[in-house]
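# Observations on the model geometry
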Amino acid sequence: MENLSLKKVTSAWIITILTLFVLAITFGITMRLNQGNDISISPVNFYSLMTVHGLTMIGIWSVAGMVAVNYLLARYVKVSVKLNTFSLIFTAIGIIMLWVAAFIGKFHAGWTFLYPLPFQIAWEKWATPMFLFSLVVMGTSWLVWSIGMILQILKKYSLKQTFAWQHFSKNPSVETPPLILITTVSLIGIIVCLLTAVLLLVLLFAEYYSSGSFVNDPLLMKNLTYFFGHTLANESLYLGLAALYELMPEVSGKPKLKTTWYVALGWNSTLVFVLTAFFHHLYMDFVQPLGFQMIGQFASYFASIPAATVTAFSVIMLVLRNRIEWSLTNILFFIGVVGWVIGGVGAVIDATVTNNVILHNTLWVPAHFHTYNAMGNVLFCLAFFNWAANEFTNNQDIFKNYKLTIKLLLIGGFGFVLMFYFGGAYSVPRRFAIYPSEFTYASYFAKFGALFALIYLIAILFIFYDILKKCIKTLSY
Ligand code: HEM
C-alpha cells in the first residue's frame, strides 16, 4: 500500500513540477508578448526563453506522468521510493544545469537542439556541453526509474500478461488492470526513446570532443532527434491516460474500467504505431527514403486511432450512461480528453503530406501540440495531483468551489491555442521572435494569445494554491 514516504516524495514532485510549470508559462507569455510587439526582448533572450520553456515543459510533463503511475502502481505491485527520490534529485539538478546553460550561458538552440545547431556556438562556449550534460543527468535518471518500474511490474505479471494478450481469448484466468497495460506500453516506448537519446548524445559528444576528426550525418541525427523528442512527448501523454483509466471511474462513483479485447488491441497497436509516427517530421527532407515518408503518414493515422477511439469511447460511455458525481478531478480528466482529441485531429491534419506542404513549420505545429499538452496531458496530470493531494490529507474534492476556475481554464486554454491555429491557417511561421510586416495579423494573434494564456495561468494558480497547501501539509507529517 501507499506509505508515508511515497506520499511525501510524490508531494515534493507535485510542488516542484507545478512551480516550474508556472515559471515556464510566464516564459511562454513573455514570448507571446514579444511576438505581439507589446514588449521588446533581444532575439538571443527570446530563443533562450524558447529553449528553456520547451524543454522544461516537455520534461516536467513527461515526468509528471511517471510520478502519477508510480504512485498508482503501488496498488498492484511494490514500488521503489528510493528510485523515485533519486529521479527527483537528478531532475532538479538537470533543470538547474539547463537553466544555467540558457540564461547565463545564453544557449538558445531550441528544445530540439537540432544538429548541427548546438555546435554553431553563438553563446558561451561552456554552454553547449552544460546543456548536453543537463540532458544526460535528467535522461539517465528517468531511464533508470522507468526500467525499475517495468521490473517491478514483471515481478508480478508475466510479459504476455503485461500486454494483456490473454484478453484476446474468452474468460482470461488473470485480469490485467488497464493501469498495468497502459503503463507497460508507455514505459517501453519511453525506454526506447531514452536509449535513442543516449545514442544521440554519444554521437554529439563524439563530434564535440573530436576536434573535427569525427563529423555526424545530419539526416541520421535528425531522425534520432525526432524519434526521441516526438515519441517521448507522445508516450508521456499515455501515462496521464493510465491515471485516467485508474481514477476517473473511481472518483465518479462507478465500477473500474476493465481491460477488454479491444482495449488490449488498441494499446498494443499504439505501441507499434507511436514509435514510427515521428517520420512525419521529415516530410520536407527530400533525401529521406520515400518508404519512410509513407510510414510516417500512415503510422500517424493509426497511432491516433486505437488509443484515442478506445479511450474516448470508454469515457463517453462512462459520462453518458451514468449520473456522474462531478469533482475537480474528473472534470479535469474529461476536459483533458476533449483537448487531447482536438489536438490529435490537428496533428493528423498536419501529418497528411498534402497539408504538411502548407502547414510545415507554421504556427499550426505549436497549435496542435499545445492543445494536447496544455489542454490534454497537463489536465490529466493535474487531475491526479488534485486527487492525490486530497487523498494525502483526507480532504473532499468539492467541485462547486472550482466553477469559476474551470471557466477560466476553458476560456484561457482554448483561446490561447486558437490564436496559434489562426496563425497556422494564415501561414505565420513558428519560432519567429518578431513577425515580418507581411504577416499582417500575426502580432494580433500573439497579443490575444498572451491575454488568453494569462487567463489560463490564473486558473492554474487557483488550482495550484489548493494543491500546494495540501502537499506542504503532507511533507510536514
Ligand atoms: C499557457 C501556457 C503556455 C504558453 C503561454 C506557451 C507559449 C509558447 C510559445 C509562445 C512558444 C513559441 C511558439 C513559436 O513561435 O514557435 C512555445 C513553444 C513551445 N511550447 Fe509552449 N506554451 C505554453 C504551454 C506549453 C506546454 C504545457 C507545453 C508542453 C507540455 C509546451 C511546450 C512547448 C514546446 C515544446 C515548444 C517549442 C519550443 C521550441 O520550438 O524549441 N508549452 N510555447
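### Comments concerning the packing of aromatic side chains
Counted according to the given criterion, the structure contains 40 aromatic pairs. Relative to Trp267, the ring of Tyr245 has its centre 6.3 Å away and its plane inclined at 80°; by these criteria the two rings are edge-to-face. One end of the pair, Tyr245, is in helix α7 (residues 218–251); the other, Trp267, is in helix α8 (residues 261–276), with 22 residues separating them in the sequence. There is no split in this pair, since Tyr245 and Trp267 are both buried. Aromatic side chains Phe422 and Phe445 sit 5.7 Å apart centroid to centroid with 45° between the ring planes, which places their arrangement in the tilted category. Of the two residues, Phe422 sits in helix α13 (residues 403–425) while Phe445 sits in helix α14 (residues 442–475), which places them 23 residues apart along the sequence.

### Some thoughts on the coordination of the iron atom of the ligand
The protein atoms donating to the iron atom of the ligand are His53 (NE2) and His370 (NE2), with metal-donor distances spanning 2.0 Å. Coordination at the iron atom of the ligand comes from six donor atoms whose angles at the metal span 87 to 180°, giving a geometry best classed as octahedral. With His53 in helix α2 (residues 43–73) and His370 in helix α12 (residues 364–393), the pair connects residues that are 317 residues apart, well separated along the chain. Across the pair, His370 and His53 agree in class, each one buried.

### Quick look at the packing of helix α6 (residues 178–209) against α7
At a minimum axis distance of 8 Å, the contact between α6 and α7 shows a crossing angle of 160°. Taken together, the axes of α6 and α7 lie roughly antiparallel to each other. Where α6 crosses over α7, the handedness of that crossing is left-handed. Taken together, the residues of the contact of α6 with α7 sort by class into 24 nonpolar, seven polar and two charged.

### Description of the site of the ligand
Taken together, 26 residues lie near the ligand, and Gln35, His53, Trp111, His370 and Arg431 sit nearest. Separating an oxygen atom of the ligand from a side-chain N or O atom of Gln35 is a distance of 2.8 Å. Here an oxygen atom of the ligand and a side-chain polar atom of Arg431 are 2.6 Å apart. Across the shell around the ligand, the residue classes break down as 16 nonpolar, seven polar and three charged.

### Digging into the environment of Ala351
By the element assignment, Ala351 lies in the loop between α10 (328–350) and α11 (353–359). Separated by 114 residues in the primary sequence, Ala351 and Leu237 place their C-alpha atoms 18 Å from one another. For Ala351, the residues in contact, after removing those within four places along its chain, are His280, Tyr283, Gln297 and Ser300.

### Focus on empty space enclosed by the protein
Throughout the structure, instances matching the rule amount to one cavity of 30 Å³ or more. Size it by volume and the largest cavity reaches roughly 60 Å³. Contributing to the lining of the largest cavity are Trp13, Thr16, Ile17, Leu20, Ile60, Val63, Leu88, Thr91, Ala92 and Ile95. At the level of secondary structure, the elements contributing two or more residues to the lining of the largest cavity comprise α1 (4–35), α2 and α3 (81–104). Looking at the lining of the largest cavity residue by residue, the classes come out as eight nonpolar, two polar and no charged.

### Thoughts on the environment of Gln396
Note that Gln396 resides in the loop between α12 and α13. Sequence separation of Gln396 and Ser327 is 69 residues, and the distance between their C-alpha atoms is 9.2 Å.

### Observations concerning the nonpolar core
Core analysis: the largest hydrophobic core is formed by 164 residues, its most contacted members being Phe21, Trp61, Trp267 and Phe385. Looking at which element gives the most residues to this core, the answer is α2, with 18 residues. Ignoring anything within four residues of it in the chain, the contact list for Trp61 reads Ile17, Leu18, Phe21, Ser236, Asn377, Val378, Cys381 and Phe385. Counting residues in each nonpolar core, the second largest holds six residues, with Phe227, Leu275, Phe278 and Leu282 among its members.

### Let's talk about unusual backbone geometry
Geometrically, the link from Tyr115 to Pro116 is a cis peptide bond, its omega value of 5° lying close to zero. Mapped onto the elements of the fold, Pro116 is located in the loop between α3 and α4 (127–156). Within the chain, Asn37 stands out as a residue other than glycine whose phi angle is a positive 60°. Within the secondary structure, Asn37 is located in the loop between α1 and α2.

### Considering the layout of surface pockets
Within this model, the second largest pocket holds a volume of roughly 320 Å³. Residue lining of the second largest pocket: 15 residues in total, with Leu257, Tyr262, Ser314, Met317 and Arg321 positioned closest to the centre. At the level of secondary structure, the elements contributing two or more residues to the lining of the second largest pocket comprise α8 and α9 (290–320). Top element by residues in the lining of the second largest pocket is α9. It accounts for four residues.

### What about α12?
With 30 residues, α12 extends 42 Å from end C-alpha to end C-alpha; this agrees with the ideal 44 Å at 1.5 Å per step. Taking the largest bend as the criterion, α12 deviates by roughly 35°, centred on Leu379. Counting buried residues in α12 gives 28 out of 30 residues, a clear majority hidden from the surface.

### Details of the pattern of salt bridges
Here the structure, examined in full by the defined rule, presents nine salt bridges. Asp38 is the partner of Lys447 in a salt bridge, and the nearest nitrogen-oxygen pair spans 3.1 Å. Residue Lys447 is found in helix α14, and its partner Asp38 is found in the loop between α1 and α2; the two are separated by 409 residues along the sequence. Judged by its relative accessible area of 29%, Lys447 falls in the partly exposed class. Under the relative-accessibility criterion, Asp38 is labelled partly exposed at 39%. One salt bridge connects Asp466 with Lys469, and the closest N-O pair in it is separated by 3.8 Å. A residue pair is termed a helical-turn pair when its members lie 3 or 4 positions apart in one helix, as Asp466 and Lys469 do in helix α14 at three residues. Using a relative accessible area of 43% as the deciding quantity, one classes Lys469 as partly exposed. The network of salt bridges with shared partners includes Arg75, Glu246, Glu250 and Lys256.

Thresholds, definitions, all that
- Residues numbered from 1 in each chain as written.
- Predicted model: local features only at pLDDT ≥ 70, side-chain atom pairs only at ≥ 80, totals over all residues.
- Heavy atoms only, no water.
- Phe/Tyr/Trp six-rings, centres within 6.5 Å; stacked < 30°, edge-to-face > 60°.
- Helix = DSSP H or I, 4+ residues; strand = E, 2+ residues; numbered from the N terminus.
- Buried < 20%, exposed > 50% of the residue type's maximum accessible area, 1.4 Å probe, protein only.
- Donors = N, O, S within 2.8 Å, 3.2 Å for Na, K, Ca; no water.
- Tetrahedral: all angles 85-135°; square planar, octahedral: opposite > 155°, others 65-115°.
- Axes fitted to C-alpha atoms, helices over the stretch in contact; angles between N-to-C directions.
- Parallel < 35°, antiparallel > 145°, perpendicular 65-115°, else oblique.
- Left-handed = near helix turned anticlockwise from the far one by under 90°.
- Nonpolar A, V, L, I, M, F, W, Y, C, P; charged D, E, K, R; others polar.
- Near = heavy atom within 4 Å.
- Polar contact = N/O pair within 3.5 Å; in protein donor to acceptor, adjacent residues only side chain to side chain.
- Contact = heavy atoms within 4.5 Å.
- 1 Å grid on protein atoms, 1.4 Å probe; cavity = no way out; pocket = protein on both sides within 12 Å on 5 of 7 lines; lining within 4 Å.
- Points joined across faces, edges and corners; volume = space filled by probe spheres on them.
- Core = buried A, V, L, I, M, F, W, Y, C linked by side-chain atoms within 4.5 Å.
- Expected span 1.5 Å × (residues − 1).
- Bend = angle between axes of the 7 residues up to and from the residue.
- Salt bridge = Lys/Arg side-chain N within 4 Å of Asp/Glu carboxyl O.

No statement about biological role is implied by the geometric values presented.
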